[in-house]
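# Commentary on secondary and tertiary structure
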Amino acid sequence: MSAMDAPHEPAHEHTARHAAEPTPTARPAPEPMAEPAAQARATVPATAWISWVALAMMTTSSVASLRAAPTMAVYGLACVFLYLVPALVFLLPTSLVSAELASGWKGGVYNWVARGISKPMGFLAVWCQFAMTIFYYPSLLGFVASTLAYVFNPALASSGVWTACVIIVVYWSGVWVSSRGTKGVAGLASGGLIIGTLVPGVVLVVLGMVFLGQGNESAAPMTADNIFPAWAGLASLVLIVNNFLSYSGMEMNAVHVSSLRNPAKEFPRSMFLAMGMVLLIFILPALAISWVVPAEQLSLTAGVMQAFDAVFANFGTQWLTPIVGIMLVTASLGGMLTWLAGPSKGLLLISRQEGYLPPFLQRLNRNGVQQNILVVQGIVTTAIGLMYALIPNVSSAYWIFSVITTQVYLIMYLLMFVAAIGLRRKYPDHPRGFRSPMLKSLCGVGFGASLAALLVGFVPPSQFSGGNPVVYVVIVVVGALGLGLLVPYLFYRARKPSWKLEESTEEVTPE
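Residues numbered from 1 in each chain as written. Predicted model: local features only at pLDDT ≥ 70, side-chain atom pairs only at ≥ 80, totals over all residues. Heavy atoms only, no water.

## Focus on the packing of aromatic side chains
- Taken as a whole, this structure holds 14 aromatic pairs when the rule is applied.
- Residues Phe 90 and Tyr 413 carry aromatic rings whose centres are separated by 5.0 Å and whose planes lie at 70° to one another, so their mutual orientation is edge-to-face. A residue pair is termed long-range when its members are at least 10 positions apart, and Phe 90 in helix 5 (residues 78–104) and Tyr 413 in helix 18 (residues 394–426) qualify at 323 residues.
- Assessed through its relative accessible area of 0%, Phe 90 is described here as buried.
- Taken together, a centroid distance of 5.7 Å and an interplanar angle of 85° make the contact between Tyr 171 and Trp 172 edge-to-face.
- Take Tyr 171: its relative accessible area is 0%, and that puts it in the buried class.
- Among the aromatic side chains, those forming a connected cluster through ring pairs are Tyr 110, Phe 123, Tyr 356 and Tyr 492.
- The aromatic ring of Trp 52 is capped on one face by Arg 269, whose charged end is 5.3 Å from the ring centroid.
- One residue, Arg 495, lies across the ring of Tyr 492, its end atom 3.8 Å from the ring centre. (Phe/Tyr/Trp six-rings, centres within 6.5 Å; stacked < 30°, edge-to-face > 60°. Helix = DSSP H or I, 4+ residues; strand = E, 2+ residues; numbered from the N terminus. Buried < 20%, exposed > 50% of the residue type's maximum accessible area, 1.4 Å probe, protein only. Lys NZ or Arg CZ within 6 Å of the ring centre and 35° of its normal.)

Written out as structure tokens, the structure is:
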């Protein structure tokens, strides 16, 4: 998500330089090499304003969901600890730091890292943010497929052909919706969050409280002895660190800061609202499930639909299960639309200014949307979706791919925290709508948490216990280095002057 012009060019020099340019009649004719870039330009419509509440909804939709509630409910009251620790060491630093950066510099993570470190590192950061979505969409849509199967015919949940069809059809439908513009995405993402996450979450919590109010004993002990999870060595550490990534994406929608009428005040406000909503959505439904459903019924293979069905069974309202399933699908689709609108837009913006991508991938449709990038990404998503139908036992290999993209995403966070300290040091007097307290400490904690999550990713999980751990580590290392470092390096080395568009589609010079 990002864009910028020269990272160290002061605003007054930028204005003076443009004022000194010759008039159009005196300007020399463009050279032939500029034609592809000219063809790639499209008229960008006027800004479609969105409210800070809508942006908070988009951010919450891209981060929070009920999918993990049954898994975390297994730990009972300890799930609060397992969510709060990552919130303190990862969610809080990420939210506060990105709030300061976005309120002072438009353009998102590329602009922040490019100004705080360097342009090449800025491109690496925005590439990592974009690249992680390559396997995120199939994972999310795989959940959509299994949920829809539970609504219509539970037997379809194990059908690779059904899963592939849902992934392909839903993704391309999302591309069509995203191509209509950001305002429509904001509305759908907000609606999906309300209908598919907030309402079912409230229903779970209310039913859980009613269950306890009827005099029933909680299925999970709710005493002080159960606040902390049982310590099981490295496995416990992995469990805590893995929850760091439940909060990833809080910075992603900073690319839409230019769509706010008063970004300096409204973006930090939006981040704080999103942070509170994310915590409530993660913790309260998991607790409610732990009150009603015994832990032995909530294995790691139990889906969120099974948890809802078990809760409804206690009240004789199982007829609500398919309705909730459709609502959960709505939330997932809203989250997918938010991710479609964010990272790819950032990659486009900096590529148009710095020439990091060929002109074909820089073209916009009439709504100013990066449709070609979405289409190319869709081809990859389609190929992954077909794997479900064509390759048996693809889940274990796909799980490794998901770990690789997670590692890639953490590289971006490491760069963002370093850049935040660099920007505070280089531009101490630069106007910021929000100044994060104890910035160095927050960045240090966030950097350490991100590095810990990155290192833990190389520990073979229990699902890989039957395989060779050396093979696992080699695959993850090669994949993370290839997708996260080699691919952006090749794009950077292959860039040509003709790929750079002199006219920026979005002004990011600080004023």
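## A word on the confidence of the model for the chain
- Residues with a pLDDT of 70 or more make up 78% of the chain, whose mean pLDDT is 76.
- Across the chain, the secondary-structure element scoring lowest on mean pLDDT is helix 1 (residues 11–19), at 38, and the one scoring highest is helix 19 (residues 439–456), at 91.
- Here residues 1–45 is modelled with pLDDT under 50, and outside its nearest four sequence neighbours on either side it reaches 95 contacts, counting other chains as well. (pLDDT = per-residue confidence, 0-100. Contact = heavy atoms within 4.5 Å.)

## Structural notes on the side chain of Glu 266
- Mapped onto the fold, Glu 266 is located in helix 12 (residues 263–292).
- No salt bridge is formed by the buried Glu 266; the nearest opposite charge belongs to Arg 269, separated by 5.4 Å.
- Only 3.5 Å separates the side chain of Glu 266 from the backbone nitrogen of Arg 261, close enough to count as a polar contact. (Lys, Arg positive; Asp, Glu negative; His and termini not counted. Salt bridge = Lys/Arg side-chain N within 4 Å of Asp/Glu carboxyl O. Polar contact = N/O pair within 3.5 Å; in protein donor to acceptor, adjacent residues only side chain to side chain.)

## Focus on helix 8 (residues 133–152)
- With 20 residues, helix 8 extends 28 Å between its outermost C-alpha atoms, agreeing within 8% with the 28 Å of an ideal straight helix rising 1.5 Å per residue.
- For helix 8, the buried fraction is high: 16 of the 20 residues fall into the buried class. (Expected span 1.5 Å × (residues − 1).)

## What to know about a nonpolar patch on the surface
- On the surface, a cluster of nonpolar side chains totalling about 280 Å² of accessible area is made up of Ile 194, Ile 195, Val 199 and Val 203.
- Turning to its location among the elements, Val 203 is positioned in helix 10 (residues 182–213).
- Among the residues examined, Val 203 registers a relative accessible area of 30% and is labelled partly exposed. (Patch = residues over 30% accessible without salt bridge, like charges linked within 9 Å, V, L, I, M, F, W, Y side chains within 5 Å. Areas by Shrake-Rupley, 256 points an atom, 1.4 Å probe, with all protein chains shown as cover.)

## Observations concerning helix 3 (residues 52–63)
- In this model helix 3 runs 17 Å from its N-terminal to its C-terminal C-alpha over 12 residues, within 8% of the 16 Å that 1.5 Å per residue would give.
- Taken as a whole, helix 3 has its buried residues at Ala 54, Leu 55, Ala 56, Met 57, Met 58, Thr 59, Thr 60, Ser 61, Ser 62 and Val 63.

## Let's talk about the pattern of salt bridges
- Tallied over the full model, the rule gives 2 salt bridges.
- Between Glu 100 and Arg 432 there is a salt bridge, with its nearest N and O atoms 3.0 Å apart. A residue pair is termed long-range when its members are at least 10 positions apart, and Glu 100 in helix 5 and Arg 432 in the loop between helix 18 and helix 19 qualify at 332 residues. Across this residue pair, the class does not change: Glu 100 and Arg 432 are buried.

## With respect to unusual backbone geometry
- One non-glycine residue with positive phi stands out, namely Met 438, at about 50°.
- For Met 438, a relative accessible area of 64% translates into the label exposed.

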